Amino acid sequence: MITREVCERVLRKAISTGADYAEIFAEHSVNHSINMIADKVDNISDSVIAGAGIRVFKGLRSVAASTTDTSEAGLLRCAEKAADALGQGSAEISINLTERLFGDIHPIKTVPSSVPVAEKIRILKDGYFAAREYSPEIKQVSGTLLDIDHNILIANSEGLYAEDRQIRTRISVNAVAEKNGESQTGFYGPGRRMGMEMFEHEVDAKAVGVRAAQQAITMAGAGYCPAGVMPVAIGNGFGGVIFHEACGHSLEASSVAYGLSQFCGKLGTQIANPKVTAIDDGTIPNAWGSINIDDEGTPAQRKVLIEKGILKTYMVDKFNGRRMGLPSTGSARRQSYSYVTTSRMTNTFIAEGEDSNDDIIASMEYGLFAKEMGGGSVNPATGEFNFAVNEGYMVRNGKICEPVRGASLVGKGSDVIMNIDMVGKNLDLGTGMCGASSGSIPTTVGQPLIRVSKITVGGR
Amino acid sequence: MDFNEFKKCVINAAQSLGLKEYELYYSASESTDIGTFKHEINEFSSAEDGGVCFRCIVGGKMGYASTEELSAAEAESIVKRAAENAKALENDDTQFLVEGGQEYRKAEDKGYPLPDTPELIATALKGDKALYDADPLVIDGSQCGTGVSSFKVAIANSKGLDLSYESSTAYFMAAAVVSDGKEMSDEFKVVHGPFDKLDIDGAVKEAVEKAKAMLDYDSAPTGNYPVVFSPEAMTSMLGVFSGIFNSENAQKGLSRLLGREGEKIAADFVSIIDDPFYPENGINLSFDDEGSPTCTKAVVENGVLKTLLYNLKTANKAGVKTTGNASKAGYSASVGIRPFTFYIAPGNISEEELLKKAENGVYITSLGGLHAGANSVSGDFSLQSSGFMIENGVKTKAVKSFTVSGNFYELLKNISALSDTVKLPRPYGKTAFGSPSVLVEGLSVAGK
């Protein structure tokens, strides 16, 4: 993308006013997506994202600048802007870059750009029409097939010069079912850090459509969820969004370094129920949220965040790590060159426990089974979170009963992870996009079936 | 190369491919943001981004391709890619490009002079000091941010259209963290506008007061109550559900309002206006993202649905004229539909009278998780809320960690009063939402 020699000259300019660290992040990405609605291919989006971001640090100060002009002159201008913003001073470190290859633990068999559009459309149609034709109650469907070829280069004043190529593919289907004049939606959207081979053995496009349609139909027939405080069982896979929001964000250095986390100063102490072990693992081969190196060039890691309820580590990037006195954990991520990197999650999940799924449901006299979760959000400082339940069922006397719609879960992260008192054995991962200050990035959430002994359920 | 040079390359490439109908859309933005932590500037960022989107009609279909790399090779590539993409499309909508030479209402030029870096730094530090001085409960973690941004948009097409627009603004943000030793609470306030007119002390004071008010809180008791939504809370709701007035959603079965113009869909005294020239919005736009002239219109008037929002494609399908609401969510996006300044028109009672009218209920000042807890297709919402109890017509105890649930279509009909002042909490952007305080009868609250 940019030669080692050019990077050296640009980094020298960046540190010229006394920075103790400088970094170039350059990107060239091709995003391709096909959308279908009303039974037709409606839109194809095809875009090239290209530019570079330069950061310099001096002690606990950070300056970032970005540009779309990746010529040497453009990069030097950008570096000068960053250097000037840092203030007055002179260069005190030397720049000598060594190319480093980290290897790729995410083999790609079929690079999406080498597959004809017609073939991609055929796959999308499999998923689309599986939903459309599932039942006459399905009144509308939309579907998207997305592939991303994200090439990054990181060079820094510590001598690193490394590149990575991240290819991701995702299919999603949104179905609308209508019953008695009311509409409800169903959604399923699995993705992998893979090429088009994802559809050979990992993801069955038709099954994606069927799952979206089934959810829409179930919810269209459902009554409203009753409101109140009750025990809730949360399904495996995307249900793990509860840990991501209620706890994960509060373990990111971007909150912790500033004292804005419910879990500040809690390393080594019990913050969760002893049944809870939670892991952030960027190294799972071909998983949606996996990386070889993070966006500061640190290799991805597998980190046990919480072990049997005890807080073991935070997720740390280089800049926030300075304030905390901690090294990077390979957690630096950004959507693109124009965002400023910060600590984020990769594939984050609650590990398998020892309770059987049957026992979990049987333990609930009156409660909610949140089979499929929607998105959520959190205030990391206080831990207050909220989630939507996309597919929920009432549980009475240990049995799953009628479906209910319109439920949401609210509470405080530090309470809810203490209240996870049963953890099942069917760990699965779910695909998501996580939005925060450094943009929207692919992340995986996951868990087996869990029970939260009590939580506020919003409904009516 | 710069945009004008790139434009020439694109036109050459389009002509040599024999394309007759095409458009080039360009947008670019520049922004500088700085933030404080513990009385120092700890972050400074300066971002430039932007790109171009080429679209063309081939065989009746509109193909798109876009890039951020302005080079001769990319100019040729996006033209080819867009023409190829058009061939794979199947929708049978009639596609349009806007003719050049139309009349446009002149939008007031609100370009502000931008401050330099030392001025920004001084403002951030001044805000930071004011924040710590505002109250002894303010703790480390409180931060201030300030910045400036400017953007430009240009649209040119094969039918002689050649329009451009530039705008700039500044903001100041105070994020207050307060603690009484037991509980921690944080709230923020952002103000936008010309840099020299930013009300820094006002923003600081509001953030601190809001955070302090939430230190000693309870959860709301579960039940059905009259609910008052503050302008901030109602505009978040309106932001999510404005999509029901989007004609494309309606035509695709994703809104219940298709063909319901002339029907009553809201309480008698409710009007909802879309105004591209709203004085308080820092951006006034005389053309939309297709290049059609924009206009002010009532979408709902006295409870009756008057019109949906249209672009050229959906207006043609419905047999009406475009309302000039074509919009792209970023330069690379396809043309969709968005409102400009979209607001609920004010009523005629003060906020105090509104609370009196509610008598006993909940006053919601903030809603969370809208991207997840509100379904724009069904209209159902179940949202994390915070605010105050209303007892005997006055605001009392702070409440949070509860949800309010209902359905937006029903909510419109169950509005029983509107206060007399419209606020635009985020008054800058191609799309902004506004509302007075709104009293809604009988919503479900889930708390303790």
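Residues numbered from 1 in each chain as written. Chains lettered and ligands numbered in written order. Predicted model: local features only at pLDDT ≥ 70, side-chain atom pairs only at ≥ 80, totals over all residues. Heavy atoms only, no water.

Trainee: Can you tell me about the layout of surface pockets, naming the residues and giving the values?
Mentor: In this structure, the second largest pocket encloses a volume near 830 Å³. If you trace the second largest pocket, you find 35 residues lining it, with A:Thr68, A:Asp69, B:Tyr26, B:Ala28 and B:Glu48 closest to the centre. Contributing elements (two or more residues each) for the lining of the second largest pocket: strand 3 (61-67) and helix 2 (72-86) of chain A together with helix 1 (3-16), strand 1 (22-37), strand 2 (40-58), strand 4 (143-157) and strand 5 (162-179) of chain B. Here the residues of the lining of the second largest pocket are counted per class, giving eight nonpolar, 15 polar and twelve charged. Looking at which domains feed residues into the lining of the second largest pocket, each of domain 1 (3-88) and domain 2 (117-149 + 166-215) of chain B gives three or more. (1 Å grid on protein atoms, 1.4 Å probe; cavity = no way out; pocket = protein on both sides within 12 Å on 5 of 7 lines; lining within 4 Å. Points joined across faces, edges and corners; volume = space filled by probe spheres on them. Helix = DSSP H or I, 4+ residues; strand = E, 2+ residues; numbered from the N terminus. Nonpolar A, V, L, I, M, F, W, Y, C, P; charged D, E, K, R; others polar. Domains from an automatic or database assignment.)

Trainee: So what's going on with the sheet that holds strand 14 (residues 341-344) of chain B? Residues and values would help.
Mentor: Residues and elements named next belong to chain B. Here we have five strands laid out as an open sheet, ordered 11-10-9-14-19, and mixed in their pairing. Strand pairing shows two members of the sheet lacking a second neighbour, strand 11 (304-305) and strand 19 (432-434), which therefore form its edges. Running at roughly 130° to strand 19, helix 5 (residues 231-241) makes contact with strand 14 and strand 19 of the sheet. (Pairing = 2+ DSSP bridges. Contact = heavy atoms within 4.5 Å. Axes fitted to C-alpha atoms, helices over the stretch in contact; angles between N-to-C directions.)

Trainee: Describe the packing of aromatic side chains, and please don't skip the residues or the numbers.
Mentor: The geometry of an aromatic ring pair is captured by two quantities: the separation of the ring centres and the angle between the planes. All names here are of chain A. Taken as a whole and assessed by the stated rule, the structure comprises 15 aromatic pairs over all chains. With 5.0 Å between their ring centres and 45° between their planes, phenylalanine 57 and phenylalanine 319 make a pair best called tilted. Of this pair, phenylalanine 57 sits in strand 2 (residues 40-58) while phenylalanine 319 sits in helix 8 (residues 318-324), placing them 262 residues apart in sequence. Judged by its relative accessible area of 0%, phenylalanine 57 falls in the buried class. (Phe/Tyr/Trp six-rings, centres within 6.5 Å; stacked < 30°, edge-to-face > 60°. Buried < 20%, exposed > 50% of the residue type's maximum accessible area, 1.4 Å probe, protein only.)

Trainee: How would you summarise the sheet that holds strand 13 (residues 310-311) of chain A if you had to cite specific residues and measurements?
Mentor: Residues and elements named next belong to chain A. Read across the sheet, six strands follow the order 13-12-11-16-23-22 without closing on themselves; strand pairing throughout is mixed. A single partner strand is all that each edge strand has here, and the edge strands are strand 13 and strand 22 (428-436). Looking at chain direction, strand 11 (residues 278-281) and strand 16 (residues 347-350) are connected through three bridges and run antiparallel. Bridging from a neighbouring strand, alanine 278 pairs with isoleucine 350 of strand 16.

Trainee: Residues and numbers for the pairing of strand 5 of chain B, please.
Mentor: Residue and element names in this part refer to chain B. The element strand 5 is largely enclosed, with a buried count of 14 among its 18 residues. Pairing analysis gives 14 bridges linking strand 4 to strand 5, with the strands arranged antiparallel. By the bridge assignment for strand 5, valine 153 is matched with tyrosine 165. Count of turn residues in the strand 4/strand 5 antiparallel hairpin: four residues, of which glycine 160 carries a positive phi of about 90°.

Trainee: Can you explain the interface of chain A and chain B? Please cite residues and give values.
Mentor: Contacts between chain A and chain B engage 70 residues on the former and 67 residues on the latter. Buried surface at the junction of chain A and chain B, both sides included, amounts to about 5,200 Å², of which 47% is carbon and sulfur. On the chain A side of the interface with chain B, the three residues burying the most area are A:Asp46, A:Tyr258 and A:Arg460, jointly 11% of the side's total. Scanning the region where chain A abuts chain B turns up eight salt bridges. Put simply, B:Lys400 and A:Glu384 hold a salt bridge, and the shortest N to O gap is 3.0 Å. The tally of links from chain A across to chain B stands at 37 residue pairs in polar contact (both at pLDDT 80 or more). Here the element with the most residues in the side of chain A that touches chain B is strand 2 of chain A; it accounts for eleven residues. Tallied by class, residues from the side of chain A that touches chain B come to 29 nonpolar, 29 polar and twelve charged. As paired elements, strand 2 of chain A and strand 3 (residues 61-67) of chain B share two bridges and run parallel to each other. From the neighbouring strand, A:Val48 faces strand 3 of chain B, where its bridge partner is B:Thr67. (Buried area = accessible area lost by both parts, 1.4 Å probe. Salt bridge = Lys/Arg side-chain N within 4 Å of Asp/Glu carboxyl O. Polar contact = N/O pair within 3.5 Å; in protein donor to acceptor, adjacent residues only side chain to side chain.)

Trainee: So what about unusual backbone geometry? Which residues, and what values?
Mentor: Even without glycine at this site, A:Ala38 takes up a positive phi of about 50°. Within the secondary structure, A:Ala38 is located in the loop between strand 1 (21-37) and strand 2. Located in the positive-phi region is B:Ser401, a residue other than glycine, with phi close to 60°. Along the chain, B:Ser401 falls in strand 17 (residues 394-407). Given the relative accessible area of 17%, B:Ser401 is considered buried.

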